[in-house]
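Per-entry structural report
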Amino acid sequence: MTWHRRSPLLQEGVVPLDLCAALMDHATNETPRRRSFQGVVDSSLRDSAYVRVPVPLEEAVLSHCAAPIHGHFGVRPRSIPGQPAVIYRYGVGVGFVAHHDEVTEIERARARTNGQPVVGGDLTMVVWLNSPDAYGGGELFFEHPPREFKPPCGSLVAFPATRDHVHGVRPIVRGERCTLVIRTHVGDASG
């Protein structure tokens, strides 16, 4: 089975809690921007804000996630120069409707005029920055096969950024859900 057909990886305790705390500090000290879906900010489809993550923090997270990703997918994640990792902050609201992570042409076209980042790549990595008791709802769900994740702080969920992995975020009913999202390219097992 090729790596991009593998099921999502869930690995708890990948990112140390002190690194999660540093990322949360960064998220609370930066001015968040509203996040779009397909280049349009519409809180009925996606209700979140984001901040960009400095490269040293992104590299620290990647260093902790590389081994579990290699073990599950047989590939090595590689950062994409010029494409920032982002921290998403979901408050009470709709969450994020089911979608796939392949970048579309309409998203690229809209990004040229609206300032929203286009986040592409081969593999999506989601790292939980706060504990599941800090918010109600907010599960990461996949449609086929149906799966839901609401893991502890420091956990990693990784999956191929393809149309085969339709996913979303359940509505948040209490508190705030904070996750780091990094999209990477992949190299083969020897690279």
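Please refer to the structure higher up on the page.
Heads up: these notes are all about the structure in this document. Model, not experiment: these values are computed from the prediction. (Residues numbered from 1 in each chain as written. Predicted model: local features only at pLDDT ≥ 70, side-chain atom pairs only at ≥ 80, totals over all residues. Heavy atoms only, no water.)

The next point concerns the packing of helix α1 (residues 17-29) against helix α2 (residues 55-73). Any two packed helices are characterised by the angle at which their axes cross and by the distance between the axes. For the pair α1 and α2, the least separation of the axes is 11 Å and the interaxial angle reads 150 degrees. Between α1 and α2, the interaxial angle falls into the category roughly antiparallel. Crossing of α1 against α2: the hand is left-handed. Where α1 abuts α2, its residues L19, A22, L23 and H26 lie against L57, A60, V61 and H64. For the contact of α1 with α2, the residue count by class is 6 nonpolar, 2 polar and no charged. (Axes fitted to C-alpha atoms, helices over the stretch in contact; angles between N-to-C directions. Helix = DSSP H or I, 4+ residues; strand = E, 2+ residues; numbered from the N terminus. Parallel < 35°, antiparallel > 145°, perpendicular 65-115°, else oblique. Left-handed = near helix turned anticlockwise from the far one by under 90°. Contact = heavy atoms within 4.5 Å. Nonpolar A, V, L, I, M, F, W, Y, C, P; charged D, E, K, R; others polar.)

This part covers α2. The principal kink in α2, of about 40 degrees, is found at C65, preceding the proline P68 by one to four residues. Every buried residue of α2 is accounted for by L57, E58, V61, L62, C65, P68, I69, H72 and F73. The elements touched by buried residues of α2 are β1 (9-11), α1, β4 (76-78), β7 (123-128), β11 (156-160) and β14 (177-187). Where α2 ends, the next residue or the one after it, G74, has phi of about 75 degrees, a positive value. (Bend = angle between axes of the 7 residues up to and from the residue. Buried < 20%, exposed > 50% of the residue type's maximum accessible area, 1.4 Å probe, protein only.)

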